[in-house]
Amino acid sequence: MALVHPLLPGDQGESLSLRPLPLLLAATLLLAGLRCALPWRLPRFAPALSATPAAAIPWEREPLLLDLRLQRAGSWRNQVAFDEERWDDGLRAVLLAGGLGRPLVLVAEPLAEPRLEQVALRLRRELPGCTVLLLAGGEPALPDAWRRP
Amino acid sequence: MRRACDRVALLLAVGLLLAGGIAKWLDPLGFQAAILGQVRLPLALAGLLALLLPAAEIVLGAALLPRASRRLAAVTSSGLVASFVLWKFGLLATGFAGDCGCFGGLLRLPLPWSLVLDLALLAACLRLVLVREPGPAR
């Protein structure tokens, strides 16, 4: 199959062969499929997105806890409910709580859920001055001193 | 002179398409997050785009090398990159200041610089579309 090339000057017109097209499409699908077969996060690109142990979180810097389990929000100090489906509202809540520049700790379970990593990545991009951490162990790992009376 | 221009265009187009494609292909979650940071899309759709777009860029970059597929790859790449350029102008107009994710975790570029690279890539692809390959000997 061939098309007359419309952009070429001159009266001859060169053909644009569509013959390689199926091969290019197949190669694209193959590459995308191959990526699915590999681990989602290759080690070199995952420097700090693994969950952080509670002891390694700088609690003295009063991090803001972003709780993705909305129904539980409010049980802890510095806790903000964060609904990633309503991203702008979530960001506004972080800013109102003075979260800009402070460490942000994502609390939700299970921590292995890729959704959390996506939220963390997006938060990092949109709030570059903040450290975004995933709390290893979820809520049980929060220090008792942070429990609201 | 013209041949030198063509070679530079070819190198630029292949290099940028492969570099951007491979960087994103290695980090699909990062690219998915970048897409979600720019537009409200369902997670699954953003994930699909994050898989297909880098793969397409790699394939197009590689397809520019053999003469048999060069013109088709150049035409397709021009369309793809033109859509990126339009998208980024739109983002600039909304005041978006983040990283567009075009080079995955390899390179974080401010949007204006990424747009400059895309314009250079578009120019290179269009140049390749317009190149007349020497025909077969008669």
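No experiment lies behind these values; they were computed from the predicted model shown. (Residues numbered from 1 in each chain as written. Chains lettered and ligands numbered in written order. Predicted model: local features only at pLDDT ≥ 70, side-chain atom pairs only at ≥ 80, totals over all residues. Heavy atoms only, no water.)

Some thoughts on the side chain of Lys88(B)
Residues and elements named next belong to chain B. What counts is decided by this rule: The secondary structure listing takes helices from DSSP runs of H or I that are at least 4 residues long and strands from runs of E that are at least 2 residues long, numbered from the N terminus. Contacts described as polar in this section are N or O atom pairs within 3.5 Å, which, within protein, must combine one atom able to donate a hydrogen with one able to accept it, while residues neighboring in sequence count only if both atoms come from side chains. Whether two residues are in contact is decided by their heavy atoms, any of which lying within 4.5 Å being enough.
With respect to the element layout, Lys88 can be found in helix α4 (residues 67–93). A distance of 2.7 Å separates polar atoms of two side chains, one belonging to Lys88 and the other to Ser114. At 2.5 Å, the side chain of Lys88 forms a polar contact with the side chain of Asp118. Setting aside chain neighbours within four positions, we find Lys88 in contact with Cys100, Cys102, Leu111, Ser114, Leu115 and Asp118.

Brief notes about the nonpolar core
A general feature of soluble globular proteins is that nonpolar side chains tend to end up buried together. Note the cut-off: In this text, buried Ala, Val, Leu, Ile, Met, Phe, Trp, Tyr and Cys residues form a nonpolar core when linked through side-chain atoms within 4.5 Å. Think of it in three bands: with a 1.4 Å probe and only protein chains considered, a residue is buried below 20% of the maximum accessible area for its type, exposed above 50%, and partly exposed in between.
Core analysis: the biggest nonpolar cluster contains 46 residues, and Ala13(B), Leu64(B), Leu121(B) and Leu128(B) have the highest contact counts within it. Mapped onto this core, the elements with two or more residues apiece are α1 (21–37) of chain A together with α1 (2–26), α2 (28–38), α3 (43–63), α4 and α5 (111–130) of chain B. If one sorts the elements of this core by residue count, α3(B) sits on top with nine residues. For Leu128(B), the residues in contact, after removing those within four places along its chain, are Asp6(B), Ala9(B), Leu10(B), Ala13(B), Leu64(B), Arg71(B) and Ala74(B). If you look at the next biggest cluster of nonpolar residues, it comprises 19 residues, including Leu106(A), Ala120(A), Cys130(A) and Val132(A).

Considering the pairing of strand β5 (residues 104–107) of chain A
Residues and elements named next belong to chain A. Put simply, the rule is: Paired strands, as defined in this entry, are two strands with at least two bridges between them according to DSSP.
Judged by which residues are buried, β5 turns out to be covered on both faces: Leu104 and Leu106 on one side and Val105 and Val107 on the other are all buried. Direction of pairing for strand β3 (residues 64–67) relative to β5: parallel, over a ladder of four bridges. When the bridges of β5 are listed, Leu65 appears paired with Val105. Here β5 runs beside strand β6 (residues 132–134); their pairing, made up of three bridges, is parallel. The residue of β6 that forms the bridge with Leu104 is Val132.

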